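Here are the chains, one letter per residue:
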Amino acid sequence: MGDVVSSHLDEAKREIVAARSGELMAAFRRLYEQQYAVALFNNIRFVIEGGGGPQPQLLQRKVPLENKSIFSGSLFHYLEENKRWRSRFLFVPDSYSISYYDSKAVHDKGQHPKGTINCAGYKVLTSLEDYLDLLADSLPGVKAKTGSSAFLKCATQFPLILWHPYARHHYFCAVSEKDQKKWHAVLQDCIRHTNDGLPEEDKVQTPAFTDAVRLYRQAQGHYGTWEMMCGAPSQILSNLVMEKLLSELRDLICPRLKGKLHERQKSWMLISDAVYSLVQGRCLAQYEELLQRCEAARSSLEASIRTDMDQIISSKEHLSSKIRAAVVPKAEKLLKVSIQPYISSILDALMEPTSRGFSEVRELFFKELVDMSKNIINEGTKEMVAQHMDKISMLAFHPVKMQSCYEKVEQLSLEGLQQRFDVSSPSVFVQRAQILMREQMDNAVYTFEQILHQSLETQGTEELCKTVQRCQDRVLKKFDYDSSSVRKRFFREALLQIFIPYMLKQLSPSCLSELLRFQEMIFEDFSPFILVENIFEEVVLHSVTKDIMMAVKEAAVQRRHNLYRDSIVLSNSDPSLHLLGDNPSIDWAGEYGGGQEKTDGPEKEEEEEEEEEGGEGQKKRRMKQVVSMIQVEDSDLPSPETGAEVPSIRDIPEEDGQQEEEEQEVEQEEEQEVEQEVGQEEVEQEVEQEEGQQEQEVGQEEQEEQEVHSDAANPPDLSSASVSEEKRIQPEEQRKDSEPLEGETAAGVLEDKDTPSDLEGEQRFPPPPPTGAAERSSAPLPPPPHDGGEAGEEGTPTSSAAPQPPQPPQPGGDQTAAGAQ
């Protein structure tokens with residue numbers, strides 16, 4: 001496939017890629033330098049004047065995932081080079097990038113991974129049909145033939161596919177539905193975290209970058225939300241380039257692609273990935289150069305701002321009044337006709353799933369604390385508390401436990417409003433709400449563990465349950481207040497994100513000519529900090545903010561949303577609590593001994609040697625994992641932990657059903673052979689049963705004759721008559737009772753063995769065949785079926801007339817009955 005990329009992505013095409021990347025970065029550089037100065041001015045003004053909303057009641061953790069990893073485990077990974085499925089050990093560190101290795105042993109040795117996946121911009125799919133639909137959209141105008149098959153056949157029926165509109169796709173398979181759900185939650189969390197790649201702590205670079213991207217897209221005629229605003233700045237800039245470049249390259253390259261449909265799809269995927277890598281390299285280099293230049297000029301800009309702060313503010317307010325007089329009448333007319341009728345309906349669509357999600361977060365947090373209280377009632381020690389707190393401390397970053405909360409928000413729908421207000425997808429708002437939910441959960445957990453730790457240090461172990469209850473009530477009260485404040489801010493921001501682009505798109509054509517003459521009113525010394533475009537957007541924003549604030553305030557009165565009124569402002573009732581905010585996360589296991597794993601012998605010595613050697617590989621190995629390892633359950637497929645390869649799938653034809661017919665014929669022939677073998681074995685078993693019955697009857701007659709002779713020679717004592725009677729009856733009773741017991745034992749063992757709930761999470765292997773079983777059976781054993789329980793029951797003899805001799809091992813059955821006999 002490398003030849004396909006080199007042949008179609010020749011020097012001429014590479015020059016097109018370089019030219020388009022250079023054009024975008026030149027336009028973006030101009031916008032970013034302007035917005036950087038404005039963002040610096042706004043940040044300094046905010047610091048000097050202060051302001052902001054209500055202060056949060058919960059504490060915030062500084063480094064939540066210090067010395068923690070998210071997850072690790074094994075999956076089947078499709079290798080495009082040799083078209084094979086092979087097991088891979090996946091490791092997800094605190095950066096949420098996915099590294100995959102040949103095996104867990106390779107990872108533990110600290111070796112470099114086979115590859116690393118940055119999940120920004122990806123979607124995780126659990127259905128091959130959904131993936132093929134997205135793949136078909138990548139080549140518009142090219143339709144598949146009827147009955148054509150895809151180039152990919154999954155190793156199991158539980159696929160996990162990472163799809164990206166521009167980058168390489170990754171194909172994985174889990175061994176069970178439970179593993180698929182767990183990995184699906186982990187991969188979604190990786191995507192959610194990496195999509196949120198712009199740090200909110202940076203109050204200058206982040207707003208400058210987002211405003212520059214938005215203004216660039218508006219200049220191209222794209223208003224509204226953008227689904228590919230995800231990842232680090234270089235990735236977002238690459239998505240901007242690819243948004244326009246991909247269609248141009250598709251028109252040039254796709255008509256020249258040859259082969260069947262799946263071959264053309266694979267070729268185009270490889271070409272797109274190669275182009276995306278080239279664009280990312282160019283955007284990253286130029287963006288880093290742009291940052292260096294802006295940071296170098298920051299000190300001089302900051303000096304000018306602090307020197308002329310009052311004059312800049314006065315000049316900006318004067319210009320704002322002029323623009324407001326020209327824009328507000330048009331904005332109010334548009335607001336009354338096209339915005340106000342839809343505010344309440346959009347707000348309800350946002351509030352219902354979001355409120356359910358935050359309520360689920362509170363319920364999950366409360367449930368974990370209740371479970372801890374129940375367990376420490378019986379054993380109220382600090383070690384027991386530490387053991388539970390060690391698990392609760394990372395609750396916010398546990399993708400599987402938080403999945404129920406995230407699913408509530410995924411029900412958000414804006415159907416009927418997306419086209420009207422140019423909303424590309426509700427996923428932008430869903431992802432933002434989920435990130436806020438995770439932050440609130442982590443804040444609640446961190447606040448609880450700080451308060452509880454302080455209480456344990458001062459009060460000791462007396463009345464632990466009451467101490468936990470008091471801390472719980474305090475944190476839940478603070479959570480309710482912060483949850484209300486966060487949700488109201490989210491609703492306001494979401495409504496503005498929906499309405500402002502629509503209003504700008506409607507007002508810009510009529511107001512553009514008037515805005516140009518306002519540029520002359522700005523002093524040259526203040527021109528870097530006062531931009532007409534920004535003031536125009538601020539005026540439009542203020543015109544609609546009042547209606548949005550009133551709608552959110554009215555919604556807060558309704559009890560079903562669980563929102564506090566704006567007039568209710570909690571004072572800082574815990575002045576000593578915020579002193580704990582600077583404390584690091586508590587190591588419960590190290591301080592109280594809870595949750596420590598005991599290691600003895602060679603393993604402990606190896607860990608001590610690793611600690612002495614040090615190194616990044618050993619550090620990663622010792623990192624505590626937020627989610628527990630996946631235990632491989634019983635499956636017909638080889639476990640990914642074994643490192644075995646799945647048979648390759650080569651040369652999948654595209655003709656109409658020829659291969660399927662051939663496969664069906666082969667399967668029918670195999671089934672007939674298996675039936676013949678099974679029938680032959682049943683006949684042999686019946687013959688053996690009859691011979692065993694005859695031998696047993698002969699043995700029984702001989703035994704009775706011996707008893708008669710012994711009775712004649714030695715007359716029994718009357719006192720021991722009952723004993724001799726029991727001896728004569730015992731063989732017959734054993735013969736009658738043995739068969740039902742054997743049948744019950746075999747069926748019962750099979751049912752217990754095939755019950756997944758009894759051995760859930762453990763790897764089960766079939767018992768070894770008894771020695772000599774193969775010698776007693778002259779016919780070859782049939783191949784084991786997929787379901788051992790059913791095969792074992794069908795192969796069990798049903799005759800109950802006489803005791804049976806030892807049977808050969810049944811296909812898929814249990815050997816307990818044979819061993820008992």
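Please refer to the structure higher up on the page.
Throughout what follows, the structure given in this document is the object of discussion. Please read these numbers as outputs of a predicted model, since none were measured by experiment. (Residues numbered from 1 in each chain as written. Predicted model: local features only at pLDDT ≥ 70, side-chain atom pairs only at ≥ 80, totals over all residues. Heavy atoms only, no water.)

### A few points about the overall build of the protein chain
Rules: Secondary structure follows DSSP: runs of H or I at least 4 residues long count as helices, runs of E at least 2 residues long count as strands, and numbering of each begins at the N terminus. Burial classification: accessible surface area is computed with a 1.4 Å probe over protein chains only, and a residue below 20% of its type maximum counts as buried, one above 50% as exposed, and the rest as partly exposed. Contact definition: two residues touch when any of their heavy atoms are within 4.5 Å. With residues, only the protein chains shown are counted as cover, and all accessible areas are computed by Shrake-Rupley using a 1.4 Å probe.
When you go through the protein chain residue by residue, the secondary structure sums to 23 helices and 10 strands. For the protein chain, the residues scored as buried account for 43% of the 821 residues in total. Counted over contacts in the protein chain with a minimum sequence separation of 6, partners at least 24 positions apart contribute 80%. In the structure as shown, the protein chain presents an accessible area of about 43,500 Å², 48% of it carried by carbon and sulfur atoms.

### Remarks on the side chain of Ser373
Relative to the helices and strands, Ser373 resides in helix 10 (residues 309-378). Not counting residues up to four positions away in its chain, the partners in contact with Ser373 are Cys465 and Val468.

### Some points on helix 7 (residues 233-253)
Because an α-helix packs 3.6 residues into every turn, residues spaced three or four apart end up facing the same way. Basically, it comes down to this: Take the number of residues in a helix, subtract one, and multiply by 1.5 Å to get its expected span. Bend angle per residue: angle between axes fitted to the 7 residues ending at that residue and the 7 residues starting there.
The terminal C-alpha atoms of helix 7, which comprises 21 residues, lie 28 Å apart, in line with the 30 Å expected from a rise of 1.5 Å per residue. Approximately 35° is the largest bend angle found in helix 7, and it occurs at Leu245.

### Structural notes on the packing of aromatic side chains
Heads up, the condition is: Pairing of aromatic side chains here covers Phe, Tyr and the six-membered ring of Trp, requires ring centres within 6.5 Å, and sorts the geometry by plane angle: under 30 degrees stacked, over 60 edge-to-face, intermediate tilted.
Evaluation of the coordinates by the stated rule reveals 17 aromatic pairs. Aromatic side chains Phe421 and Tyr502 sit 5.1 Å apart centroid to centroid with 70° between the ring planes, which places their arrangement in the edge-to-face category. Placement of Phe421 in the loop between helix 12 (399-409) and helix 13 (427-459) and of Tyr502 in helix 14 (residues 464-518) is noted, with a sequence separation of 81 residues between them. Accessibility expressed as a relative area gives 12% for Tyr502, which makes it buried. Their ring planes at 80° and their centres at 5.9 Å tell us that Phe523 and Phe526 sit as a pair that is edge-to-face. Relative accessible area serves as the criterion here: at 55%, Phe523 is assigned to the exposed category.

### Let's talk about the side chain of Asn534
Quick note on the threshold: Here a polar contact is recorded for every N or O atom pair within 3.5 Å, except that within protein the pair must consist of a potential hydrogen donor and a potential acceptor, and residues adjacent in sequence are included only if both atoms are side-chain atoms.
Within the secondary structure, Asn534 sits in helix 15 (residues 532-557). Taking relative accessible area as the criterion, Asn534 reaches 13% and is therefore assigned buried. At a separation of 3.0 Å, a polar atom in the side chain of Asn534 contacts the side chain of Gln35. Beyond its immediate sequence surroundings of up to four residues, Asn534 is in contact with Gln35 and Val38.

### Considerations on the packing of helix 5 (residues 177-195) against helix 12
Going by this rule: Here, axes are lines fitted to C-alpha atoms. For helices the fit covers the stretch in contact, and angles between N-to-C directions go from 0 to 180 degrees. Between 65 and 115 degrees an angle is taken as roughly perpendicular, under 35 as roughly parallel, over 145 as roughly antiparallel, and anywhere else as oblique. In this classification, Asp, Glu, Lys and Arg are treated as charged, Ala, Val, Leu, Ile, Met, Phe, Trp, Tyr, Cys and Pro as nonpolar, and every other residue, Gly included, as polar.
Axis separation between helix 5 and helix 12 bottoms out at 9 Å; the angle between their running directions is 75°. As summarised for this structure, helix 5 and helix 12 are arranged roughly perpendicular, according to the angle between their axes. Each of Lys182, Ala185, Val186, Gln188, Asp189 and Arg192 in helix 5 lies in contact with helix 12, whose residues at this interface are Pro399, Val400, Gln403 and Tyr406. Per-class residue counts for the contact of helix 5 with helix 12 are 5 nonpolar, 2 polar and 3 charged.

### Concerning the environment of Cys190
Its place among the elements puts Cys190 in helix 5. Accessibility expressed as a relative area gives 0% for Cys190, which makes it buried. A sequence separation of 73 residues divides Cys190 from Ile117, and the C-alpha atoms of the two residues are 9.9 Å apart. Non-local contacts of Cys190, meaning those with residues more than four positions away in its chain, are made with Val92, Tyr96, Ile98 and Cys119.

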